[in-house]
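# Survey of secondary and tertiary structure
One letter stands for each residue in the lines below.
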Amino acid sequence: KQEVTQIPAALSVPEGENLVLNCSFTDSAIYNLQWFRQDPGKGLTSLLLIQSSQREQTSGRLNASLDKSSGRSTLYIAASQPGDSATYLCASLPGGTSYGKLTFGQGTILTVHP
Amino acid sequence: GAGVSQSPSNKVTEKGKDVELRCDPISGHTALYWYRQSLGQGLEFLIYFQGNSAPDKSGLPSDRFSAERTGGSVSTLTIQRTQQEDSAVYLCASSRNEKLFFGSGTQLSVL
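Keep in mind it's a predicted model, so treat the numbers as computed, not measured. (Residues numbered from 1 in each chain as written. Chains lettered and ligands numbered in written order. Predicted model: local features only at pLDDT ≥ 70, side-chain atom pairs only at ≥ 80, totals over all residues. Heavy atoms only, no water.)

### Looking at the overall build of chain A
Looking only at helices and strands, one finds zero helices and eleven strands in chain A. Its helices and strands in sequence order give chain A the pattern β-β-β-β-β-β-β-β-β-β-β, from N to C terminus. Radius of gyration (C-alpha) of chain A: 14 Å, near the 13 Å computed for a compact globule of 114 residues. Taken along the three principal axes of its C-alpha coordinates, chain A extends 45 × 30 × 20 Å. The buried share of chain A, reckoned over its 114 residues, is 44%. Within chain A, residue pairs in contact and separated by at least 24 positions form 55% of the contacts whose partners lie at least 6 positions apart. Approximately 5,400 Å² of chain A is accessible, and the part contributed by carbon and sulfur atoms is 49%. (Helix = DSSP H or I, 4+ residues; strand = E, 2+ residues; numbered from the N terminus. Rg over C-alpha atoms; globule rule 2.2 N^0.38 Å. Buried < 20%, exposed > 50% of the residue type's maximum accessible area, 1.4 Å probe, protein only. Contact = heavy atoms within 4.5 Å. Areas by Shrake-Rupley, 256 points an atom, 1.4 Å probe, with all protein chains shown as cover.)

Dropping the structure here:
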């Protein structure tokens, strides 16, 4: 059974700092790895999706990498802003799955203070 | 709106009562999912619909939980004889491909 772990559980940084969120998974036979953002009382917003054949994806100040062999993914946020404060979740989709049965990590609560 | 809509946003009920949670997916999305987010358990998959059929309902925690989808659109998640451990946020998502779009969820509190 896939297990997804996120470190750290919480992170507080000053505005402008670059930061890295970590995600590890036990079963490397994944179809893709996804990063989501969740704001309090809201649903999840998809940030980046990395296919198993890819090494990284970028969107604006966000960059996500994937290393299947080591079972790790990182989300890099450049020049953080207070508006980036949220919970960040990574999720893996099993290989051979044709639908969105995701296994989620527990999330990293990010606080960016002015 | 153009997003996934869930109702009610909050539901408080007494132990033993039945509750129904509703999800309106994005128009044209054939796949629909229910997930549950609870303290200590994180986000867990409950059930997947493709059209009106549910090929994967492996995440439903007990036979008190059921779900249906009609017209390839609206879905209802029903919890019978609610228990305190059912308290959680129930999230619905829909998709047309690999990318899932989530609703804001229903916060269920069982007293």
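### Some words on the sheet that holds strand 3 (residues 19–25) of chain A
Residue and element names in this part refer to chain A. In space, the five strands of this open sheet follow the order 1-3-8-7-6, with antiparallel pairing throughout. In the strand order of this sheet, the two ends are held by strand 1 (4–7) and strand 6 (56–59), each with one partner. For this sheet the average axis-to-axis angle between neighbouring strands, irrespective of direction, equals 15°. Pairing of strand 6 with strand 7 (residues 62–67), which is carried by four bridges, proceeds in the antiparallel orientation. In the strand pairing of strand 7, T58 is matched with N63. (Pairing = 2+ DSSP bridges. Axes fitted to C-alpha atoms, helices over the stretch in contact; angles between N-to-C directions.)

### Quick notes on the packing of aromatic side chains
In the structure shown here, the tally under the stated rule is eight aromatic pairs over all chains. Between F36 of chain A and F104 of chain A, the ring centres sit 5.6 Å apart and the planes meet at 45°, which makes this aromatic pair tilted. Of the two residues, F36 of chain A is situated in strand 4 (residues 30–38) and F104 of chain A in strand 10 (residues 103–104); the sequence distance between them amounts to 68 residues. Each member of the pair F36 of chain A and F104 of chain A is classed as buried. Between F36 of chain A and F102 of chain B, the aromatic rings sit 5.7 Å apart at their centres with planes inclined by 90°, giving edge-to-face as the arrangement. (Phe/Tyr/Trp six-rings, centres within 6.5 Å; stacked < 30°, edge-to-face > 60°.)

### A closer look at the pattern of salt bridges
All names here are of chain B. Enumeration over the complete set of coordinates arrives at six salt bridges over all chains. The shortest N-O distance in the salt bridge between D24 and R22 comes to 2.9 Å. Judged by relative accessible area, D24 falls into the partly exposed class, the value being 24%. R22 gets classed as partly exposed once you look at its relative accessible area, which sits at 38%. We note a salt bridge from E44 to R36, for which the minimum N-O separation is 3.8 Å. For E44, a relative accessible area of 25% puts it in the partly exposed group. With relative accessibility at 12%, the residue R36 sits in the buried group. (Salt bridge = Lys/Arg side-chain N within 4 Å of Asp/Glu carboxyl O.)

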